[in-house]
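# Survey of secondary and tertiary structure
Letter by letter, the chains look like this.
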Amino acid sequence: MAALSPSVTAKYEVGNRAVPKLKHGMDYIQLGDSDLIVSKICMGTMTYGEQNTLEQGVAFLNTAFDEYGVNFLDTAEIYPIPTKAETQGATDLAIREFLKGRNRKDVIVATKVAGRSPRMTWLPRSKPETPSDLTKEQILESVDYSLERLGIDYIDLLQIHWPGRYTGGAFGSPDFTPSQYHEASDNNLPVPFTEQLEAMQILIQQGKVRWIGVSNEPPFGVCSMAELHNRYPDLYPKIVSIQNAYGLCNRKAYEAGLDEACFHHNVGLLPYSALASGTLTGKYRNPETCENARLKMFPGFMERYLQSLNEEAVNAYCDLAEKYDLTPTQLASSWCYHNELVASTIIGATTMEQLEENLQSYDIKLNEVSSDIKEEINQIYKRYTDPTKARNNPQ
């Protein structure tokens, strides 16, 4: 990779830094093999333009960056969620407004190019109604449109949102089988990793992208892309991050092999859904307080968190939090923030109250709460190892 110009070098250093609203300050780490120095908390933005107004999104980002020392945000070309043609790209407009008046080098901007989806035909592409895929042409076009919406001239971290092939297990779907792979690939072979990485290399050489990562990717993709870079470093860039679901209620998929692969390839984990789509806040335990929550507003959206044994697991974790005078959010967030497998945790909120609780939870370290609490968490995990896969109404 070409050397970065001095104007792109961020002011942050690895270590701890005092910030206004955290007693113990915010920590900053180097993300994988990159030169990106990111806060241990990353601001997720997928509700801006749907559940939240753009003005609310700007206010959330200002609070996180100015009061809590966050320097890292994540968006995607399909945001807000649930994705639809009418609102596609609206989230980026909130980020554009937030960035006005700020020093660009002080904000680490991550975004994502959509993976393969035959049903998703409304993304901005040169050919209208093109189904989303990870062809070289689509990746290059996606980045140009993202840069235009965001009002910036480079992206710090470009991620592949989901793979361009059938993988099984994604977003609550059944696990991988060879027969399903062949069925999915019969009429439309996956775009090769080489083509995807070639497009990324072009973007890096053009100065539009600094570093790349993946999302919702199994070990095969991580290892394949890492090995392509190892063999042909001048042709294919190195992936430095992976953005996958990870938290108390969805540990198994990462801890059953991805953790080892990412460790040896120095790929930093950026967990999303640390609160299991909000269920680990405990709000869905009370029907009266959850009517405006995402899983109630959008029936069927992430149903794996409500129509599964996740409810029993959440109850167990909520009871444990209460035992130690913690909120469920504090327990789940702290466990993820200070986990040795985690680089930076992506958080989301739809109210300022939620956001402040999420951010303030960084001050809590479970080993300081009790010497027993982590073992009690592990005991719950043994009972509910993969709760979202155990459906109450299997189909």
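Please read these numbers as outputs of a predicted model, since none were measured by experiment.

### Quick word on the confidence of the model for the chain
Of the residues in the chain, 91% reach a pLDDT of 70 or more, and the chain-wide mean stands at 92. Confidence scores differ between elements of the chain, with helix α9 (residues 294–297) showing the lowest mean pLDDT of 53 and strand β5 (residues 72–74) the highest of 99. Within the model, the stretch residues 1–7 combines pLDDT values under 50 with six contacts to residues more than four positions away or in other chains.

### What about the side chain of T91?
Examined against the element boundaries, T91 turns out to sit in helix α2 (residues 90–99). Of the residues examined, T91 reaches a relative accessible area of 0% and is grouped as buried. With residues near it in sequence (within four places) discarded, T91 still touches T45, M46, Y48, T75, Y79 and P80.

### Some remarks on the environment of F193
Mapping F193 onto the fold places it in helix α5 (residues 193–205). C-alpha of F193 to C-alpha of D33: the two residues are 160 residues apart in sequence and 20 Å apart in space. Once residues lying within four places of it in the same chain are set aside, the contact partners of F193 are R165, F220, G221, S224, M225 and L228.

### With respect to the state of the cysteines
Evaluated as defined, the whole model comprises zero disulfides. C262 carries a free sulfur, and the closest cysteine sulfur to it, the one in C223, is 8.0 Å from it. We classify C262 as buried; its relative accessible area is 2%. Unpaired in terms of disulfides, C318 finds its nearest cysteine sulfur in C249, a separation of 8.7 Å.

### Re the pattern of salt bridges
This structure, assessed with the given rule, holds 19 salt bridges. Here R210 ties to D35 by a salt bridge, and the two come within 3.1 Å at their closest N and O atoms. Separated by 175 residues along the polypeptide, R210 in strand β8 (residues 209–215) and D35 in the loop between β2 (22–30) and β3 (37–39) bring together distant segments of the chain. Between D74 and K112 there is a salt bridge, with the nearest N and O atoms lying 2.5 Å from each other. A residue pair is termed long-range when its members are at least 10 positions apart, and D74 in strand β5 and K112 in strand β6 (residues 108–113) qualify at 38 residues. Look at D74 and you get buried, because its relative accessible area is 2%. Judged by its relative accessible area of 1%, K112 falls in the buried class. In this structure, a network of salt bridges that share partners links the residues D35, R104, D156 and R210.

Conventions used here
- Residues numbered from 1 in each chain as written.
- Predicted model: local features only at pLDDT ≥ 70, side-chain atom pairs only at ≥ 80, totals over all residues.
- Heavy atoms only, no water.
- pLDDT = per-residue confidence, 0-100.
- Helix = DSSP H or I, 4+ residues; strand = E, 2+ residues; numbered from the N terminus.
- Contact = heavy atoms within 4.5 Å.
- Buried < 20%, exposed > 50% of the residue type's maximum accessible area, 1.4 Å probe, protein only.
- Disulfide = S-S within 2.5 Å.
- Salt bridge = Lys/Arg side-chain N within 4 Å of Asp/Glu carboxyl O.

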